[in-house]
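# Remarks on the overall topology
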Amino acid sequence: MTTRARAYVTVTWPEANARRLARQHLSGPVPGLSPAEAVGAMLGTHAQVLSAAELSVGLRGAGLTRADVRTALWTDDAARRTLVKTFGPRGTVHLLPAADLPLWTGALSAVPTGPNPFPKDARMTPEQVEEVVAAIGEALTGAELTVDELSEEVVARTGPWAGDLVMPGFQEMWPRWRQVLHLAGHRGVLAYAPNRGRRATYTNAGYTPLPGPEAQAELVKRYLYAYGPATPAHFARWLAAPKRWAEGLFASLAGAGSGSGSGSGSGSGAIEEVAFEDAGPAWVVAGDTDFPAGPVRGVRLLPYFDAFAIASQPRERLFPGRAFERALAGGQAGNYPVLLVDGTVAGVWHQRRSGKRITVTVEPLEPLPAGRLRELEDEVERVGAIMEGRAELTVGAVSVGAHA
């Protein structure tokens, strides 16, 4: 990658986007990249839909398949698992590198929470929250339990109040204690274990969180390395954290005082300000001011909730014009798999699987010339290989037949 350095840095959107794509390993698949390395580069892979997570990871590495992801996540030797499925940024289910769990749990468990979103009658006191988290950790130590089995253990260790059916779930009511399930993950005492049939199970992750200020400082630097230049507001949105807290944390790391919530000035000078096009002042890791000189080229297919589409800001630059209306749900990224052309969202796509056959239907916002269609065929072929199937492409009603 050709780069250039400048004494006073003004970063354009094309430069920022090109560097993000390269650091996300989306400029081209990387030979020898492991699943854990791919997930680490993304800063976590959204895994509410596990097949989409497998594709996100596979697209980053040359020759990676969903089987490689599953082996890294569920290998029989727990000590050799390099990926963990747990609750990550925004309290949503993610794949995270096992080696980074102390960092993630230290950072996430120290993020301040906003107003309690639950009805008054459903809430727990701070003391009850701590009691439930401790009960979850105890119950899951050396065990793999379904959510119903875990519920019985939590209620037995705390009291009937924890089992009150006050939480709206999927067409049913859940027990009170489940409102802190994600918090138990952030504290490092809960992670997903291999399914028992079709039922998810949980176990104690067994990771001791790093001290909060240290972990959060490192997380900011990793975030800026992957997605910078970025503002505190961008970081807060990615993490689902209070904006003022993020501003204080960035100020501390920049050396502008302890701010309003970082709790530590030990990272002073760790980040530096740049001018970032329409976004105004933004931040990068100190000294990390080299950007690609050339434009982004190529066609890529990103699945549901791919980290690049979610974290890249300003969102209106990645989703320009009609893409903002077609590929976002009320401004929220991830609800649609997207087509990237030269690093910009240029359409959506979906797939239908029947056995080994995978039909990939792409809906570009503008007609694709012959050269782009050939690139798209190659990308569909990669999707088929990663998902261990035979993929064929349709664009509208026209079949242009790519095979894996």
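Residues numbered from 1 in each chain as written. Predicted model: local features only at pLDDT ≥ 70, side-chain atom pairs only at ≥ 80, totals over all residues. Heavy atoms only, no water.

Following the sequence through the fold, Ser151 ends up in helix 7 (residues 147-158). Ser151 gets classed as buried once you look at its relative accessible area, which sits at 15%. A polar atom in the side chain of Ser151 sits 2.9 Å from the side chain of Trp177. In contact with Ser151, other than residues within four places in its own chain, are Pro175 and Trp177. (Helix = DSSP H or I, 4+ residues; strand = E, 2+ residues; numbered from the N terminus. Buried < 20%, exposed > 50% of the residue type's maximum accessible area, 1.4 Å probe, protein only. Polar contact = N/O pair within 3.5 Å; in protein donor to acceptor, adjacent residues only side chain to side chain. Contact = heavy atoms within 4.5 Å.)

Strand order in the open sheet formed by three strands is 4-7-6, with antiparallel pairing between adjacent strands. Looking at which strands have only one partner, the edges of the open sheet turn out to be strand 4 (45-46) and strand 6 (83-87). Two elements, strand 6 and strand 7 (residues 93-97), share five bridges in a ladder whose sense is antiparallel. Looking across to strand 7, one finds that Leu83 is bridged to Pro97. Along the sheet face, helix 4 (residues 66-74) touches strand 6 and strand 7 and points at about 75 degrees away from the line of strand 6. (Pairing = 2+ DSSP bridges. Axes fitted to C-alpha atoms, helices over the stretch in contact; angles between N-to-C directions.)

Let us look at helix 15 (residues 370-386). The end-to-end C-alpha distance of helix 15 is 25 Å, a good match for the 24 Å that 17 residues give at a rise of 1.5 Å each. Of all the residues in helix 15, the buried ones are Arg372, Leu376, Glu379, Val380, Val383, Gly384 and Ile386. For helix 15, the buried positions fall inside an angular range of 160 degrees around the axis, keeping them on one side. Buried residues in helix 15 make contact with helix 3 (50-58), helix 4, strand 15 (299-302), strand 16 (338-341), strand 18 (357-364) and strand 19 (390-395). (Expected span 1.5 Å × (residues − 1). Arc of directions from axis to C-beta.)

Let us now look at the sheet that holds strand 12 (residues 271-276). Here three strands make up an open sheet; going across it, the order is 2-12-13 and the pairing mixed. Each edge of the sheet is formed by a strand with only one pairing partner; in this case those strands are strand 2 (10-11) and strand 13 (280-285). The pairing of strand 2 with strand 12 spans two bridges and is parallel. Paired with Thr10 across the bridge in strand 12 is Ala275.

Formed by 75 residues in total, the largest nonpolar core has its most connected members in Leu150 and Phe235. For this core, the element with the most residues is helix 9 (residues 212-227), which contributes eight residues. (Core = buried A, V, L, I, M, F, W, Y, C linked by side-chain atoms within 4.5 Å.)

This brings us to the pattern of salt bridges. Across all of its chains, the model carries 22 salt bridges by this definition. For Arg157, the salt bridge goes to Glu138, with nearest N and O atoms at 3.5 Å. Separated by 19 residues along the polypeptide, Arg157 in helix 7 and Glu138 in helix 6 (residues 126-140) bring together distant segments of the chain. Look at Arg157 and you get partly exposed, because its relative accessible area is 37%. Glu375 is the salt-bridge partner of Arg372, the closest N and O atoms lying 3.0 Å from each other. Taken together, the residues Arg372 and Glu375, both in helix 15 and three residues apart, mark about one turn of the helix. One continuous salt-bridge network, built from bridges that share partners, spans Asp100, Glu218, Lys221 and Arg222. (Salt bridge = Lys/Arg side-chain N within 4 Å of Asp/Glu carboxyl O.)

The next thing to look at is the confidence of the model for the protein. Confidence in the prediction for the protein averages 91 pLDDT; 93% of positions are at 70 or higher. Note on residues 257-267: pLDDT is under 50 here. Beyond four places in sequence and across chains, it has 18 contacts. (pLDDT = per-residue confidence, 0-100.)

Moving on, we get to unusual backbone geometry. Pro229 follows Gly228 through a cis peptide bond whose omega is 0 degrees. With an omega of 0 degrees, the peptide bond between Gln313 and Pro314 qualifies as cis. Of note, Asp342 is a non-glycine position whose phi angle comes to about 55 degrees, a positive value. Structurally, the position occupied by Asp342 is in the loop between strand 16 and strand 17 (344-354).

Before going further, it helps to spend a moment on the pairing of strand 8 (residues 165-168). Pairing of strand 8 with strand 9 (residues 173-175), which is carried by three bridges, proceeds in the antiparallel orientation. Each residue of the ladder has a partner; that of Pro168, found in strand 9, is Met173. Turn length for the strand 8-strand 9 hairpin, with the two strands adjacent in sequence and antiparallel, is four residues, and the turn residue Gln171 shows positive phi of about 60 degrees.

It is worth spelling out the packing of aromatic side chains at this point. A full pass over the atoms with the stated rule returns nine aromatic pairs. Judged by centre distance (5.1 Å) and plane angle (70 degrees), the rings of Tyr223 and Phe235 are edge-to-face. One end of the pair, Tyr223, is in helix 9; the other, Phe235, is in helix 10 (residues 232-239), with 12 residues separating them in the sequence. With relative accessibility at 1%, the residue Tyr223 sits in the buried group. Classification of Phe235 by relative accessible area gives buried; the value is 1%. For the pair Phe235 and Trp245, a centre-to-centre distance of 6.3 Å together with 25 degrees between the ring planes defines the contact as stacked. Of the two residues, Phe235 sits in helix 10 while Trp245 sits in helix 11 (residues 243-254), which places them 10 residues apart along the sequence. Each member of the aromatic cluster is reached from another via a ring pair, and the members are Trp104, Tyr223, Tyr227, Phe235, Trp238, Trp245 and Phe250. When the ring centre of Phe291 is taken as origin, the NZ or CZ atom of Arg19, which lies over that ring, is 3.9 Å away. (Phe/Tyr/Trp six-rings, centres within 6.5 Å; stacked < 30°, edge-to-face > 60°. Lys NZ or Arg CZ within 6 Å of the ring centre and 35° of its normal.)

Position of Glu54 among the secondary structure elements: in helix 3. Here Glu54 falls in the buried class, since its relative accessible area comes to 2%.

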